[in-house]
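A closer look at the structure
Spelled out from the first residue to the last, the chains are:
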Amino acid sequence: MNGVCRLLASLLYGLESYMDGTPDSIFLQDMLMGNTLHLLIKVYDRLQRFKAQRPIPVECDAERLTQELAEELHTKEASPEVVELLFLLSKPHLMGLLFVHDAVAQKDYEPELPPTPPLPDDSDEEEESVKIIRLVKSQEPLGATIKRVSTGAIVVARIMKGGAADLSGLIHEGDELREVNGVPVEDKNPEDIIPILAQSDGAVTFKVIPGTKGELAAKDAKVFVRALFDYNPIDDPAIPCKEAGLVFRKGDILEIMSQGDDTWWQARHHDKAKPRAGLIPSRRLQEKRVALRRPEALFHPQRHSKPDTGKRNEGADYGAISGIHVAGLRRSFRLSRREAQDRWRKSDGQVASQFPTYQEVVPYHKEPGAQHRLVLLVGPAGVGVSELKKKLLISDPERFDVAVPHTTRAPRKQERGGVEYHFVSRHTFEKNILERKFIEYGEYKGNYYGTSVNSVHKVLEEHKVCLLDVEPSTIKDIYTAEFKPYVIFVKPPPLEQLQLSRRKAKVISNEDEAKPTKTFTEEDFEDMIACAQVMESEYGHFFEKIIVNDDLAMAFNELRAEQSRLETETQWIPKTWAQPCSDRNLK
Ligand SMILES: Nc1ncnc2c1ncn2[C@@H]1O[C@H](COP(=O)(O)OP(=O)(O)OP(=O)(O)O)[C@@H](O)[C@H]1O
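An unreviewed UniProt entry lists the protein under the name MAGUK p55 subfamily member 7, with Chanos chanos as the source organism. UniProt lists a comment for the protein under the heading Sequence similarities (unreviewed entry), and it reads "Belongs to the MAGUK family."

Turning our eyes to something else, we now look at the packing of aromatic side chains. We describe a pair of aromatic rings using the distance from one ring centre to the other and the angle between the two ring planes. This structure, assessed with the given rule, holds 17 aromatic pairs. Ring centres of Phe520 and Phe525 lie 5.2 Å apart, and the angle between their planes is 25°; this geometry places the pair in the stacked category. Pair check on accessibility: Phe520 and Phe525 agree, each one buried. An aromatic cluster is built from Phe229, Tyr231, Phe248, Trp265 and Tyr358, whose rings are joined through pairwise contacts. Across from the ring centre of Phe556, 5.6 Å away, lies the NZ or CZ of Lys391, which sits over that ring.

So, on to the pattern of salt bridges. Tallied over the full model, the rule gives 28 salt bridges. Among the salt bridges present, the one from Arg64 reaches Glu68, with a minimum N-O distance of 2.7 Å. Here Arg64 and its partner Glu68 are both found in helix α4 (residues 62–74), 4 residues apart, which amounts to about one turn of the helix. By relative accessible area, Arg64 is classed as partly exposed at 37%. In this structure, Asp469 and Lys389 form a salt bridge, with 2.5 Å as the shortest nitrogen-oxygen distance. Of this pair, Asp469 sits in strand β18 (residues 465–469) while Lys389 sits in helix α12 (residues 385–395); the two residues are 80 residues apart in sequence, bridging distant segments of the chain. Judged by relative accessible area, which is 6%, Asp469 ranks as buried. One continuous salt-bridge network, built from bridges that share partners, spans Asp61, Arg64 and Glu68.

The next thing to look at is the pairing of strand β8 (residues 253–258). With 6 of 6 residues buried, β8 is to be regarded as a mostly interior element. In this structure, strand β7 (residues 223–227) lies alongside β8, joined through 4 bridges in antiparallel fashion. Within the sheet, the bridge partner assigned to Val223 lies in β8 and is Ile256. Pairing geometry for β8 and strand β9 (residues 264–269), over 4 bridges, is antiparallel. Among the inter-strand pairings, Glu255 is bridged to a residue of β9, identified as Arg268. Here β8 hands over to β9 after 5 residues, the two strands then running antiparallel side by side.

Conventions and cut-offs
Residues numbered from 1 in each chain as written. Predicted model: local features only at pLDDT ≥ 70, side-chain atom pairs only at ≥ 80, totals over all residues. Heavy atoms only, no water. UniProt positions renumbered as here; feature names shortened; annotations may be inferred. Phe/Tyr/Trp six-rings, centres within 6.5 Å; stacked < 30°, edge-to-face > 60°. Buried < 20%, exposed > 50% of the residue type's maximum accessible area, 1.4 Å probe, protein only. Lys NZ or Arg CZ within 6 Å of the ring centre and 35° of its normal. Salt bridge = Lys/Arg side-chain N within 4 Å of Asp/Glu carboxyl O. Helix = DSSP H or I, 4+ residues; strand = E, 2+ residues; numbered from the N terminus. Pairing = 2+ DSSP bridges.

The structure is reproduced here in structure tokens:
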């Protein structure tokens with residue numbers, strides 16, 4: 001009210017200089033000063049106050065009630081009060097008031113929808129199936145894309161789930177667009193139609209010929225996938241509509257909302273509130289793309305580890321360096337593994353596909369009392385996997401453990417079977433190899449070293465978290481429901497930070513046997529970074545967590561936090577792991 005009054009006052013004040021006595025100016029002045037306008041404003045003010053109070057009607061049919069009362073009064077003795085009441089009830093003002101009251105109480109005042117635009121005169125037979133659709137536009141996009149098909153017609157290519165068009169239920173994929181806001185679009189390109197929509201304020205009217213693809217979309221079942229690659233529609237020249245694309249990163253969990261199209265699926269981030277779906281390349285399309293890019297990757301230099309000269313000091317182990325003897329951290333065993341050329345076991349087929357695109361996943365929460373997931377640590381040689389593992393073990397020996405490895409070498413003084421190693425004969429070891437009892441094994445200086453499946457089971461059965469560091473090529477062999485491995489990749493920081501942080505660090509020397517350790521060389525750092533890149537590009541789809549080992553304390557804290565998270569939060573595991581029948585046990 002105040003605002004309206006102020007506006008009127010300033011209008012009068014502003015108009016003063018224009019009041020020149022002409023009929024128009026006199027009319028305007030009379031109108032602005034007039035009683036009618038001011039009464040109207042008063043009414044407006046009252047209505048505003050009632051709007052805020054939101055009164056609820058006591059009676060919705062006062063008119064009928066009044067009529068009944070009048071009939072009743074007619075049967076009574078005509079006392080002066082009865083006569084007066086009958087007189088009041090019959091007054092047109094009161095009747096009008098009650099009529100309006102009832103209309104308001106019954107909310108019988110919705111504005112009628114504007115009449116639909118008349119069909120053009122030149123309607124032909126086909127026009128019989130024409131649909132006129134009116135949608136009210138908000139800030140949100142309509143959530144539909146259009147394209148020109150081979151017949152030259154403009155059709156609705158996609159309806160994005162949860163968008164305005166989808167929620168309206170009126171427009172469907174395959175509908176042919178004839179007009180937008182009365183403008184024929186048959187001779188227009190899709191890009192020319194967008195500005196017509198952009199210009200329209202409020203309601204948009206479409207004239208469409210219903211297509212046949214309409215009902216398909218809703219039928220798709222919901223699925224969750226882990227994206228195994230990064231995607232940004234801006235960089236994708238093939239996407240039919242960049243604005244409709246969904247940005248995601250490797251590791252994101254996506255809810256697939258429609259697989260109706262062979263090449264473009266619709267998905268949304270499972271953890272984001274936005275209900276509207278975006279376009280993503282289908283598995284088939286992405287696999288095709290990766291396959292075409294593959295030859296390039298094959299020529300990528302692969303330097304997982306430097307060729308071993310066999311000159312290293314077999315006796316050097318982490319005990320020697322750190323003063324801590326823990327089974328599974330023995331340097332000799334780790335060196336043997338690096339020498340293992342023979343990839344003794346092929347993939348068991350559990351991996352989603354040859355070309356990592358999307359992995360179907362389901363939520364997983366560890367039941368109390370269930371075994372922990374096997375924690376796999378991978379990283380290039382020297383990055384700090386052993387250091388981090390050792391710190392974790394020391395931080396909570398009741399909770400973490402490592403599998404005791406097997407070896408064919410003779411026990412040294414103070415070494416006890418089953419503690420540092422399981423000492424076995426060459427014959428037994430080879431028999432175990434044939435029986436596929438090892439997760440990984442290798443030979444170093446004439447002796448075998450290996451980690452058995454049973455030794456991992458032993459740790460898990462004790463309800464401890466088993467920490468295992470493996471070559472990335474081994475992951476696929478234990479990527480099973482039995483172990484539910486959680487793969488953590490330890491990554492080196494960029495070169496400068498690597499040089500800075502490792503100034504005082506020591507590695508095993510392979511040039512000078514007299515000194516078991518040496519400082520890192522420039523080449524070691526470059527190798528580490530190159531190797532990490534190859535590992536990430538070849539095996540990155542297995543990594544659920546990447547820890548950059550720059551500052552050791554920070555990297556360790558991150559690892560610890562991740563371990564706690566694993567025990568408390570719901571995780572996403574491959575769907576095949578949740579179906580016990582499809583498990584394949586390692587023997
Ligand atoms: N963030 C860090 N800052 C400084 N030094 C580090 C860091 N991480 C590891 N180191 C040191 O780098 C050296 C190599 O680490 P570590 O032996 O743990 O590597 P690794 O990944 O286990 O490699 P390998 O398998 O070849 O033994 C050790 O001396 C370790 O203390």
